[in-house]
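Summary of structural features
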Amino acid sequence: MKNPYFNPAKKHHRPEGFQNNYQSFRGKRWHEILQWRWQAWRAGHPRPVNEPIPVVAPDLDFIHANAQAGVAMQPAATWIGHITVLLQIGGLNILTDPVFSERCFPVQWAGPQRQTPPGLNLAQLPHIDVVLLSHNHYDHMDEASLRHLAQQAHGAPLFITPLGHKQWFARRGIHRVIELDWWDRYELVATEQSHHLSVTLTPAQHWSARTATDALRSLWGGFAVCSPDSHVFFAGDTAYSKDFVDIRQHFAREHAPEHGGGFDLALLPIGAYEPRWFMKDQHVNPEESVQIFQDLGCKRAMAVHWGTFQLTDEALDEPPRALASALHRQGISPDDFRVLAIGQTWRLPARQR
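Residues numbered from 1 in each chain as written. Predicted model: local features only at pLDDT ≥ 70, side-chain atom pairs only at ≥ 80, totals over all residues. Heavy atoms only, no water.

Considerations on the pairing of strand β4 (residues 84–89)
What counts, and what does not: For every residue, the accessible area (1.4 Å probe, protein chains only) is compared with the maximum for its type, and the residue is labelled buried under 20%, exposed over 50%, or partly exposed between those bounds. By definition, any uninterrupted DSSP run of H or I lasting at least four residues is a helix, any uninterrupted run of E lasting at least two residues is a strand, and each is numbered from the N terminus. For two strands to be treated as a pair, DSSP must find no fewer than two bridges joining them.
When you tally the buried positions in β4, you get 6 out of 6 residues, the bulk of the element. Burial along β4 is two-sided: the residues Thr84, Leu86 and Gln88 and Val85, Leu87 and Ile89 are all buried. Two strands pair when backbone bridges link them, and strand β3 (residues 76–81) and β4 are joined in this way by 5 bridges, in the antiparallel orientation. Bridging from a neighbouring strand, alanine 76 pairs with glutamine 88 of β4. Connecting β3 to the next strand, β4, in antiparallel fashion are 2 residues, including histidine 82 with a positive phi near 50 degrees. Sheet topology places β4 next to strand β5 (residues 92–96); 4 bridges connect them, and they run antiparallel. Looking at β5, one finds that glutamine 88 is bridged to asparagine 93. A loop of 2 residues connects β4 with β5, the two strands running antiparallel in sequence, and glycine 90 in this loop sits at a positive phi of about 65 degrees.

Let's talk about the environment of phenylalanine 293
The condition is simple: Between two residues, a contact is recorded if the distance between any of their heavy atoms is within 4.5 Å.
Within the element layout of this structure, phenylalanine 293 appears in helix α7 (residues 286–296). For the pair phenylalanine 293 and alanine 150, spaced 143 residues apart in the sequence, the C-alpha separation amounts to 33 Å. When sequence neighbours within four positions are dropped, the list of residues in contact with phenylalanine 293 reads Leu268, Cys298, Lys299, Arg300, Ala301, Ile332, Asp336 and Phe337.

Here's the deal with the pattern of salt bridges
The test is simple: Definition used for salt bridges: Asp or Glu carboxyl oxygen within 4 Å of a side-chain nitrogen of Lys or Arg.
Following the criterion strictly, the structure yields 17 salt bridges and no others. Here glutamate 143 and arginine 172 are joined by a salt bridge, their closest N and O atoms 3.0 Å apart. Here the residue glutamate 143 occupies a position in helix α3 (residues 143–150), and arginine 172 occupies one in the loop between α4 (166–170) and β8 (177–180), the gap between them amounting to 29 residues. Look at arginine 172 and you get partly exposed, because its relative accessible area is 23%. Across the pair arginine 321 and glutamate 318 runs a salt bridge, and its minimum N-O distance is 3.0 Å. Taken together, the residues span about one helical turn, with arginine 321 and glutamate 318 both in helix α8 (residues 318–330) at a distance of 3 residues. A residue is classified by how much of its surface remains accessible, and arginine 321, at 32% relative accessible area, is partly exposed.

A short note on the packing of helix α5 (residues 243–254) against α7
Our working definition: For helices, the fitted line uses only the C-alpha atoms of the stretch in contact; every axis is such a line through C-alpha atoms, and the angle between N-to-C directions lies from 0 to 180 degrees. Here the word oblique covers every angle except those under 35 degrees (roughly parallel), over 145 (roughly antiparallel) and from 65 to 115 (roughly perpendicular). Crossing handedness follows the turn of the near helix against the far one: under a right angle anticlockwise gives a left-handed crossing, and clockwise gives a right-handed one. Think of it as three bins: nonpolar holds Ala, Val, Leu, Ile, Met, Phe, Trp, Tyr, Cys and Pro, charged holds Asp, Glu, Lys and Arg, and polar takes everything else, Gly as well.
The N-to-C vectors of α5 and α7 enclose an angle of 25 degrees; their axes lie 8 Å apart at closest approach. When the interaxial angle is binned, α5 and α7 end up roughly parallel. Remark: the crossing between α5 and α7 carries right-handed chirality. Side by side, α5 and α7 meet where Phe244, Val245, Ile247 and Arg248 of the first sit next to Ile292, Gln294, Asp295 and Leu296 of the second. Residue classes in the contact of α5 with α7 are distributed as 5 nonpolar, 1 polar and 2 charged.

Structural notes on the sheet that holds strand β10 (residues 197–202)
Strand order in the open sheet formed by 7 strands is β9-β10-β11-β12-β13-β14-β15, and the pairing between neighbours is mixed. Two strands bound the open sheet, and with one partner strand each, they are β9 (185–188) and β15 (337–338). Relative to β15, strand β14 (residues 301–304) is paired through 2 bridges, and the arrangement is parallel. Among the inter-strand pairings, methionine 302 is bridged to a residue of β15, identified as arginine 338. Packed onto the sheet, α7 meets β12 (230–234), β13 (265–269), β14 and β15 and runs at close to 155 degrees relative to β13.

Notes on the layout of surface pockets
Let me state the cut-off plainly: Definitions used throughout: a 1 Å grid over protein atoms alone; a cavity as a set of points that fits a 1.4 Å probe which cannot get out; a pocket as an open set with protein on both sides within 12 Å along at least five of seven lines; a lining residue as one with an atom within 4 Å of a point. Grid points are joined across faces, edges and corners, and a volume is the space filled by probe spheres set on the points.
Reported here for the largest pocket is a volume of approximately 1000 Å³. Lining the largest pocket are 29 residues, and of these His137, Tyr138, Trp207, Ala209 and Gln282 sit closest to its centre. In terms of residues, the lining of the largest pocket owes the most to one element, helix α1 (residues 30–43), which gives 3 residues. By residue class, the composition of the lining of the largest pocket is 17 nonpolar, 7 polar and 5 charged. Along its surface, the second largest pocket is lined by 20 residues, and Met1, Gly164, Gln167, Arg217 and Ser218 are the ones closest to its centre. At 3 residues, α4 tops the list of elements feeding residues into the lining of the second largest pocket. For the lining of the second largest pocket, a count of residues per class yields 5 nonpolar, 7 polar and 8 charged.

What to know about the sheet that holds β8
Consider a sheet: its strands pair through backbone hydrogen bonds, and that pairing is either parallel or antiparallel. Here 7 strands make up an open sheet; going across it, the order is β8-β7-β6-β5-β4-β3-β16 and the pairing mixed. Two strands lie at the open edges of the sheet, namely β8 and β16 (345–347), each paired on one side alone. Put simply, the sheet's adjacent strands are angled 20 degrees from each other on average, direction ignored. In terms of strand pairing, strand β7 (residues 158–162) meets β8 through 4 bridges, oriented parallel. Counterpart to threonine 161 in the pairing with β8 is glutamate 179. On top of the sheet, helix α2 (residues 60–67) reaches β3, β4, β5 and β16; it is set at about 50 degrees to β4, its chief contact. Packing against the sheet, α3 makes contact with β5, β6 (130–132) and β7, and its axis sits at approximately 145 degrees to β7.

Below, the structure written as structure tokens:
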């Protein structure tokens, strides 16, 4: 099947799909998958958790009042669990990779099961204006959640995705979809209730597949969301690469001087990384996530992509301990790269304008 978006001038484009900038992704062979599972079984991985994953009741009064505050909205981020975050910036309510289902799998009677409840359930959400979808893996692109959001009262959100997802949405009757290539920018025009925002799709070191036959056919990536009150970076799923130095340089040029000081908040993955020989080319470990934090030059980061689904060999509660060690080695305060409880809201200072 040919890539309908193919542009030979772009190095991440291929006639049949897409690739990474700095290291081509090769899907794992069956014998490698079997080797991983055999080694994990012999070693007794994953280990059980030492302590429960922290979950707190959401501050619904603040979240819903903030959702209605328009341009007076306080920048805030609420961790719903796994990769899903409710961002409230610029007068808009934005969800990253909404996953509310019990399992991240093609069917709901098999596959990785949710170990912690969502910090907010779908009924507790404010009206969502924008959904950022990083790629099509089942622990990020959850069909039931996306269908529910498309049917929310007062109209569907705008779904912003990498190239190659619009047809999937259209087959499900969802048409408010914008596709972006790496470095494409979409402008959300200011209204009486919201500031002007820009959303840019950024490169990531990852891959895509929804079935056994569509690997690398759709694009993947992260997002930079810039409004006058906050600049936020969402990494999606990624391994470590030079892409993050490129992202810092790109926004230093594109948004100077208003981007001075870098991103106000980065949502960075810290989980699903063991064993390294199997996961290193697709998922960062906490030490590499700290390196991304430094490469981006951002002011703050929130740890995501851990504590919800047991996807790999490390214990579900291990990533925060490894992150604390990595931050200590680099002399970075845990107040600057925070591990939130599921359901917790981080209220952020507004960017000085």
